[in-house]
Amino acid sequence: MRVRLTGSTPPDGPLTVRQYAAARQDAYRRALINSNVVRNIEHGSLVIAPSSPRRPGADALARIGHAIPVLDPADASAHCFPDGGTWRTEIPSVEGPEALSVVLKESSRLDVPIHRISQGSGIWMLSDSEITEMVEAAGERDIELCLFTGPRGTWDTGASVRTDSHGAGLRARGHDALAGCVEDAVRATQLGVKCLLVADEGVLWALHRARLAGVVPADTTLKVSALIGPVNPASYAVYEQLGADSLNVPSDLTLAHLTEIRRVSAAPMDMYVEAPDDLGGYVRMYEIAELIRRGAPLYLKFGLSKTSGIYPYGAHLRDLTLDTARERVRRGRLALDLLARHGADGGMSPLGSRLPGTLNRFTADPAHNADNAPGDDIEKDS
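In this text, all values refer to a predicted model and were calculated from it rather than measured experimentally. (Residues numbered from 1 in each chain as written. Predicted model: local features only at pLDDT ≥ 70, side-chain atom pairs only at ≥ 80, totals over all residues. Heavy atoms only, no water.)

Chemist: Help me get a handle on helix 6 (residues 201-213), residues and values and all.
Modeler: For helix 6, which comprises 13 residues, the first-to-last C-alpha distance of 18 Å matches the rise-based estimate of 18 Å (1.5 Å per residue) to within 8%. By the burial criterion, the buried members of helix 6 are Val203, Leu204, Leu207, His208, Ala210 and Arg211. For helix 6, the buried positions fall inside an angular range of 160° around the axis, keeping them on one side. The secondary structure elements touched by the buried residues of helix 6 are helix 5 (174-190), strand 6 (195-198), strand 7 (221-224) and helix 7 (233-242). Measuring from the side-chain oxygen of the N-cap residue of helix 6 to the backbone nitrogen of Gly202 gives 2.7 Å; that N-cap residue is Asp200. Residue Gly214 follows helix 6 closely and has a positive phi angle near 85°. (Helix = DSSP H or I, 4+ residues; strand = E, 2+ residues; numbered from the N terminus. Expected span 1.5 Å × (residues − 1). Buried < 20%, exposed > 50% of the residue type's maximum accessible area, 1.4 Å probe, protein only. Arc of directions from axis to C-beta. Contact = heavy atoms within 4.5 Å. Polar contact = N/O pair within 3.5 Å; in protein donor to acceptor, adjacent residues only side chain to side chain.)

Next up, the structure:
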């Protein structure tokens, strides 16, 4: 359902971005109440009740006597976000303030709701003023901003990542790379960033412990990159236990794989419904409703295939970065329109939602060995 504001400018002057977003959300709420599709309104949140969706091509195929496979209710996820929603949206590869401005402008023009915006080049590729500008712009729209920690293996001196096997991939090699990721995280959170993207299990565990110790704010969320995304229920559960609040699984996982994961973990899942070419270039638009049914709580991530890479971003890639940022938002509109045509657009989390709910964690003493170096308890010769 798309709701647009109409009417003249209020007499007391033009709306701010925040006022406009609030007015649009209010209009959306009223329209939903009038259409009798609201499931619940509690504590200021709004969740649209999923109706019985129309499956792609089902009506036409039924008319020619083609059998439609029956969905098994047991395959559906039993989980949701803490606000009651089953899906949120994410626009990736937003590499700086200018790209963010393009995304926000295009999302307003096309009426594309955005819960999260993520960046891929890395925190160290942005100045303090650029990060602050992005934090403020995203905050005005109640959008979570997620920046990537680094340095990462692909921009390291290690040779194995350049072999056919790709070695350890983007993982942080050695203490210095780990420390660089933590330094990035501390700097970004001090500037107001609330979500950090990680591509290493050790970095994830270190940042989770830092969160427990108050080194970074307790409400910082940690997102696992698609480049180390888990591919089975056991690995998914391990990432959750290590501190992940959101996990980007590879886009080639089958629907059955998602159901298997949801039987062991409720941690939010991210999935490219259109993946970049270096992640396979998969396009799963017509599966979105079923991806949500099986994978909830799920972030629908609107990537873009058939385009060149833009990491690490710089002014030499400006035109490509802005053009692709704009097109990712359009891809989001196409996906949401498809959901609406099939009556499967219910269940979106309220805009501004970002927290994952209660998750399972390994027991961690954040100060473990902080005061005692290894071997301090060993008696030394006098």
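Alright, that's what it looks like, and here's the rest.
Chemist: Give me the lowdown on the environment of Ile68, citing residues and values where you can.
Modeler: In this structure, Ile68 sits in the loop between helix 2 (58-63) and strand 3 (87-91). For Ile68, a relative accessible area of 30% translates into the label partly exposed. Remark: the alpha-carbon pair of Ile68 and Gly57, spanning eleven residues in sequence, is separated by 9.4 Å. Other than its neighbours up to four places away in sequence, Ile68 contacts Arg55, Ala58 and Leu61.

Chemist: Outline the sheet that holds strand 5 (residues 144-148), listing residues and values.
Modeler: An order of 3-4-5-6-7-8-9-10 is seen for the eight strands of this closed barrel, with the pairing classed as parallel. Strand-to-strand twist in this sheet, taken as the mean axis angle between neighbours without regard to direction, amounts to 30°. Here strand 6 runs beside strand 7; their pairing, made up of four bridges, is parallel. Counted as the bridge partner of Leu196 is Leu222 from strand 7. Lying over the sheet, helix 9 (residues 288-295) contacts strand 3, strand 9 (269-274) and strand 10 (298-302), oriented at roughly 150° with respect to strand 10. (Pairing = 2+ DSSP bridges. Axes fitted to C-alpha atoms, helices over the stretch in contact; angles between N-to-C directions.)

Chemist: Just give me the short version of the packing of aromatic side chains, but keep the residues and values in it.
Modeler: Overall, the coordinates contain two aromatic pairs when judged by the stated rule. On the basis of an interplanar angle of 80° and a centroid distance of 5.5 Å, the ring pair of Phe81 and Tyr299 is categorised as edge-to-face. Of this pair, Phe81 sits in the loop between helix 2 and strand 3 while Tyr299 sits in strand 10; the two residues are 218 residues apart in sequence, bridging distant segments of the chain. Since its relative accessible area comes to 2%, Tyr299 is described here as buried. Taking 6.4 Å as the distance between ring centres and 80° as the angle between the ring planes, the aromatic pair formed by Trp205 and Phe362 counts as edge-to-face. With Trp205 in helix 6 and Phe362 in the segment after helix 10 (318-341), the pair connects residues that are 157 residues apart, well separated along the chain. One Lys or Arg, Arg88, reaches over the ring of Phe81 and ends 3.7 Å from the middle of that ring. Its guanidinium or amino end placed over the ring of Tyr299, Arg116 lies 3.8 Å from that ring's centre, counting from NZ or CZ. (Phe/Tyr/Trp six-rings, centres within 6.5 Å; stacked < 30°, edge-to-face > 60°. Lys NZ or Arg CZ within 6 Å of the ring centre and 35° of its normal.)

Chemist: Would you mind going over the pairing of strand 3 in detail, with residue names and values included?
Modeler: With respect to burial, strand 3 is a largely interior element, five of its five residues being buried. Burial along strand 3 is two-sided: the face carrying Trp87, Thr89 and Ile91 and the face carrying Arg88 and Glu90 are both buried. Direction of pairing for strand 3 relative to strand 10: parallel, over a ladder of four bridges. Counted as the bridge partner of Arg88 is Tyr299 from strand 10. Two elements, strand 3 and strand 4 (residues 116-118), share two bridges in a ladder whose sense is parallel. Within strand 4, the residue paired with Glu90 across the bridge is Arg116. For the crossover from strand 3 across helix 3 (residues 97-110) to strand 4, the handedness is right-handed. (Right-handed = clockwise from strand over helix to strand, strands pointing away.)

These results come straight from atomic positions and should not be treated as a statement about function.
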